[in-house]
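# Structural features, examined
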Amino acid sequence: MRAARWISALVLVFSLSSASAGSVLDSARPHLPTLIEAVVLYWPGAPCRENFAGQVEQESRWKTTARLKTSREDGRGLVQLTVAYDAAGKERFNAFRDAMAFKALRSWDYRKDPENVKFQLSYLVLMDRSNFRQFEKYFDDDVSRWAAALVAYNAGGGTVIGRRTAAKGITRINARKWFGDGLESCRLPYESRKLYGRDLGEVRNEYPRLIIKTRAPKYKIEMN
């Protein structure tokens, strides 16, 4: 997704950070069967299935009506599909409209029912599958592939491509992995600017790290 996408996720997660693990799991359980159904239908061979659930938790803490609305963006639902606007109020991108690229989602009347749980979760699985497959050959392990896919979902595939390009010739960076001495240790020139007092690059890195290492493990039994 684009820049507004990961800003939305960050603000929303901060606003929900006080929720306990128990309450999050209670919120998740009614929707896990729908998420599992989407995985089985659209990506049955997906590795580390628990990451889907961790991602939903990161996006909305399983609140079906979660919404982050500002003058520049409007993110809605379990997976926070976002419409973004420029300074003049003109639409810059619309994730709902982009979702129509997937044949499986074309019956979704998102204007009337933008928070539809089935379609929101199907979109998440389809986008993750697309991003994972795009970067699959560039990494040596599924954890790194998932991390790249999540970064692409949150900040756009250009971030992954840009970091791979920037890492070329830097011996301390292993461009075929993500965490540790992999691409999370690489920065694009503009990623040093501050967002909420932190480097943009670190904010972007936090998204896959929180999902894969903190949020997803609790769902491993339910999702596999």
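Right above here is the structure, for reference.
The structure contained in this document is the topic of the report that follows. Starting from 1, residues in each chain are numbered consecutively following that chain's sequence as written. Local features are withheld for residues below a pLDDT of 70 in this predicted model, meaning they are given only at 70 or higher, and side-chain atom pairs are given and counted only at 80 or more; totals for whole chains, interfaces and linings count all residues. Water and hydrogen atoms were dropped before computing side-chain values, which therefore reflect all heavy atoms in the structure.

Within the element layout of this structure, Gln 55 appears in helix H4 (residues 50-60). On the basis of relative accessible area, Gln 55 is assigned to the buried category, the value being 0%. Beyond its immediate chain neighbours, meaning those up to four positions away, Gln 55 contacts Leu 124, Asp 128, Trp 146, Leu 150, Tyr 153, Tyr 207 and Ile 211. A helix here means a DSSP run of H or I that spans at least four residues, while a strand means a run of E at least two residues long, and both kinds are numbered starting from the N terminus. Think of it in three bands: with a 1.4 Å probe and only protein chains considered, a residue is buried below 20% of the maximum accessible area for its type, exposed above 50%, and partly exposed in between. A contact between two residues is defined here by any heavy atoms of the two lying within 4.5 Å.

The subject of this paragraph is the packing of aromatic side chains. Only the six-membered ring of Trp is used, alongside the rings of Phe and Tyr, when aromatic pairs are assigned; centres must lie within 6.5 Å, and planes under 30 degrees apart are stacked while those over 60 apart are edge-to-face, with the rest tilted. This model, assessed by the stated rule, comprises twelve aromatic pairs. Taken together, Trp 43, Phe 52, Phe 132 and Trp 146 form an aromatic cluster joined through their ring pairs. Stacked on the ring of Phe 179, the Lys or Arg Lys 213 has its end atom at 4.3 Å from the ring centre. By definition here, charges over rings are those cases where NZ of Lys or CZ of Arg is within 6 Å of the ring centre and within 35 degrees of the ring normal.

Taken in spatial order, the four strands make up an open sheet running E1-E2-E3-E4, and their pairing is antiparallel. Two strands lie at the open edges of the sheet, namely strand E1 (67-69) and strand E4 (91-94), each paired on one side alone. On average, each strand axis in the sheet is tilted by 10° relative to the strand beside it, whichever way the strands run. Any two strands with at least two DSSP-identified bridges between them are counted as paired. The pairing of E1 with strand E2 (residues 73-76) spans three bridges and is antiparallel. Counted as the bridge partner of Lys 69 is Asp 74 from E2. Interaxial angle, 0 to 180 degrees, is taken between N-to-C directions of lines fitted to C-alpha atoms, where a helix line uses only the stretch in contact.

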